[in-house]
Amino acid sequence: MYVSALPDGDAVPDDACSIYDTAGNRDGSTRDMTNFNYGIQIRLRAISYQDGWENLWMISRHLCSMGCQEVELEERVFNISSVIQTTQVIPIGVEDGSKRRFHFTVNLIVSMKEV
C-alpha cells in the first residue's frame, strides 16, 4: 500500500494499491466537536480487470467492517466509529503504453476520534 502516490517502475509490482486524502467534514453531533469524518480514496492498479475490481471490492468491504475499533498509529490512539463507502468501485480506465494495466477507485468516509 502506497500513500498519496501510485509509483511505477521496474521495482514496483503491476498490481498495486494507494490511499489518498479526500474531502471530509467535522461531525457536529458531539459536544466537544472532536469527531471528524475523514475522506479517503483507495486507488488500485491491476493487470486483470476482473481481479482488480474484485480486489478493490474486497478491500472496501474489509474497511467498512472496521467500525468500533481502536487503532494505534505512531504512538497515537484513534477510535474508529465507522467506515462508510460513498461510491461504488469505479473503473477509471486503462493506462496507455505497453503495460495496459487497469485502474480502479473507491471513496470512503472514516469517522474517528483521537483517544
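Residues numbered from 1 in each chain as written. Predicted model: local features only at pLDDT ≥ 70, side-chain atom pairs only at ≥ 80, totals over all residues. Heavy atoms only, no water.

**Q** Mind showing me how you'd approach the environment of Glu54 here?
**A** The residue Glu54 is located in helix H1 (residues 49-64) in this model. The class for Glu54 is partly exposed, based on a relative accessible area of 35%. Along the backbone, Glu54 and Ile109 are 55 residues apart, and their C-alpha atoms lie at a distance of 20 Å. (Helix = DSSP H or I, 4+ residues; strand = E, 2+ residues; numbered from the N terminus. Buried < 20%, exposed > 50% of the residue type's maximum accessible area, 1.4 Å probe, protein only.)

**Q** How do you make sense of the pattern of salt bridges when you look at a structure like this?
**A** Two side chains with opposite charge may pair up if their charged atoms get near one another. Counting across every chain of the model gives five salt bridges. With its nearest N and O atoms 2.9 Å apart, the salt bridge here joins Asp14 to Arg101. Here Asp14, found in the loop between strand S1 (2-3) and strand S2 (16-26), pairs with Arg101, found in the loop between strand S6 (90-94) and strand S7 (102-114); they are 87 residues apart in sequence, far enough to count as distant. Under the relative-accessibility criterion, Asp14 is labelled partly exposed at 27%. Note that Arg76 is salt-bridged to Glu114, the shortest N-O span being 2.9 Å. A residue pair is termed long-range when its members are at least 10 positions apart, and Arg76 in strand S5 (residues 76-85) and Glu114 in strand S7 qualify at 38 residues. A residue is classified by how much of its surface remains accessible, and Glu114, at 39% relative accessible area, is partly exposed. (Salt bridge = Lys/Arg side-chain N within 4 Å of Asp/Glu carboxyl O.)

**Q** Before we go on, may I ask you to explain the packing of aromatic side chains in this structure?
**A** We describe a pair of aromatic rings using the distance from one ring centre to the other and the angle between the two ring planes. For the coordinates displayed, the defined rule picks out two aromatic pairs. Ring geometry for Tyr49 and Phe102: centres 5.6 Å apart, planes at 90 degrees, overall edge-to-face. Within this pair, whereas Tyr49 is found in helix H1, its partner Phe102 is found in strand S7, the two being separated by 53 residues in sequence. Geometrically, the ring pair formed by Tyr49 and Phe104 is edge-to-face, given 5.1 Å between the ring centres and 65 degrees between the ring planes. Highlighted residues: Tyr49 in helix H1 and Phe104 in strand S7, separated in sequence by 55 residues. You can call Phe104 buried: its relative accessible area is 1%. (Phe/Tyr/Trp six-rings, centres within 6.5 Å; stacked < 30°, edge-to-face > 60°.)

So yeah, pure geometry; function would need other evidence.
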